[in-house]
Amino acid sequence: MGSNVSINSNQLSTPRNPIVATDNRFIYQQPIFLSLREKIASWSGDDFAISDLHGTPFFKCSGRVFSFREKKVLYDVYMVPIFNIKHELFSMRGRYKIIYGDKGDRVLASVDPINAFGSHFSINFYNLATGRNDYLELACDFMGSKCGIFHGKAKEGAPMICRINKKYDAKNFFWGKQNYVVEISPNVDAALMVGLGIIFDEIKNDSD
C-alpha cells in the first residue's frame with residue numbers, strides 16, 4: 001500500500017454540514033477517539049469490540065465464523081444492528097457494500113478501489129443531513145498501518161475528517177489480532193467511520 005497524501009501532517013477538519021449515513025444519534029459535537037479491538041477469543045478473526053479510550057462501549061462488530069470476510073454486522077450498545085459489511089467476493093479486491101441492518105439489500109454505502117495499488121478507495125453514500133449523494137475517500141499510508149478518510153478527493157486537498165492508526169500490542173501480535181485507534185471529527189457519522197475502519201483492516205489483511 002502507498003499514498004502520496006500526507007496523513008500524519010493533516011489536521012482533522014469539522015465539516016460545515018453533518019456527514020450522516022446511518023443515524024443522527026451517531027453524530028457528536030466534539031472529536032471522539034475510539035478503540036477498535038479485534039477479539040483474541042474469536043477464532044474467526046471477525047469480531048471487534050469498539051469503545052472509547054476509557055473503555056466505555058460504543059459499538060460491537062460480529063462476523064460469521066464460516067463466511068470469513070463475506071459478512072460482518074455492526075451493532076449499537078443495545079445490540080441493535082446498524083449495518084452489515086459484505087465483501088464483494090467475485091469482484092476485484094477491495095470492493096465492499098455496507099447494507100442497512102443485518103439483512104436485506106438496501107445499500108447504505110459502497111466502497112471501491114480507485115487505483116491498482118490498493119491505497120485509495122472511494123466511498124459513495126447518501127447524506128441524510130443534506131439530502132444529497134456524497135463522496136469520501138480512504139487513503140492508506142505506504143505500510144498500511146494508518147489511513148485517512150477525506151470528504152472529497154484527497155489528492156485535490158479535500159479535508160480529512162477521520163484518521164485510523166494501527167496500535168501495536170505484543171499480545172495481539174502473538175495471536176495475529178489487530179487494534180486500531182479511530183479519531184473522528186465532530187459532525188461526522190461515527191458508525192460509518194468505524195465501519196470504514198473495519199474495512200481498512202480487511203484491506204490490510206488482503207494485502208498481507
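Residues numbered from 1 in each chain as written. Predicted model: local features only at pLDDT ≥ 70, side-chain atom pairs only at ≥ 80, totals over all residues. Heavy atoms only, no water.

Each helix and strand in the chain was counted, giving 2 helices and 12 strands. Ordered by position from the N terminus, the helices and strands of the chain form the series β-β-β-β-β-β-β-β-β-β-β-α-β-α. Split into buried and exposed, the 208 residues of the chain put 54% on the buried side. Nonlocal contacts in the chain, meaning residues at least 24 apart in sequence, comprise 46% of its contacts between residues at least 6 apart. When the accessible surface of the chain is split by element, carbon and sulfur atoms take 53% of a total near 10300 Å². (Helix = DSSP H or I, 4+ residues; strand = E, 2+ residues; numbered from the N terminus. Buried < 20%, exposed > 50% of the residue type's maximum accessible area, 1.4 Å probe, protein only. Contact = heavy atoms within 4.5 Å. Areas by Shrake-Rupley, 256 points an atom, 1.4 Å probe, with all protein chains shown as cover.)

For methionine 79, which is not glycine, the phi dihedral falls at a positive 65°. Mapped onto the elements of the fold, methionine 79 is located in the loop between β4 (71-75) and β5 (81-87). The phi torsion at asparagine 187 lies on the positive side, around 70°, for a residue other than glycine. The topology assignment puts asparagine 187 in the loop between β12 (179-184) and α2 (190-207).

What follows concerns the packing of aromatic side chains. For any pair of aromatic rings, the description rests on two quantities: the centre-to-centre distance and the angle between the ring planes. Counting across every chain of the model gives 4 aromatic pairs. Between phenylalanine 58 and phenylalanine 59 the ring centres are 6.4 Å apart and the planes differ by 50°, which places this aromatic pair in the tilted class. No difference in accessibility class separates phenylalanine 58 from phenylalanine 59, as the two residues are buried. For arginine 106, the ring lying beneath its charged end belongs to tyrosine 100, and the centroid distance is 4.1 Å. (Phe/Tyr/Trp six-rings, centres within 6.5 Å; stacked < 30°, edge-to-face > 60°. Lys NZ or Arg CZ within 6 Å of the ring centre and 35° of its normal.)

What follows is about the confidence of the model for the chain. On average, residues of the chain score 84 in pLDDT, and 77% of them reach the 70 mark or higher. Scored below 50 in pLDDT, residues 65-69 shows 5 contacts in the model against residues more than four places distant or in partner chains. Low pLDDT, under 50, characterises residues 170-176; the predicted model gives this stretch 8 contacts beyond four residues in sequence or across chains. (pLDDT = per-residue confidence, 0-100.)

A word on the nonpolar core. Within the largest apolar cluster, 45 residues are counted, with the highest numbers of intra-cluster contacts made by Ile50, Phe59, Leu74, Leu136, Met193 and Leu196. Ranked by residues supplied to this core, first place goes to α2 with 10 residues. Not counting residues within four places of it along the chain, the set of residues in contact with leucine 74 comprises Ile50, Phe59, Lys60, Cys61, Val80, Pro81, Ile82, Phe83, Ala191, Val194 and Ile198. (Core = buried A, V, L, I, M, F, W, Y, C linked by side-chain atoms within 4.5 Å.)

Right, let's talk about the pairing of strand β3 (residues 57-63) for a bit. Buried residues dominate β3, accounting for 5 of its 7 residues. Connecting the antiparallel pair strand β2 (residues 48-52) and β3 is a turn made up of 4 residues, with glycine 55 showing a positive phi of about 95°. One ladder, built from 4 bridges, connects β3 with β4; its direction is antiparallel. Bridging across to β4, serine 62 finds its partner in valine 73. (Pairing = 2+ DSSP bridges.)

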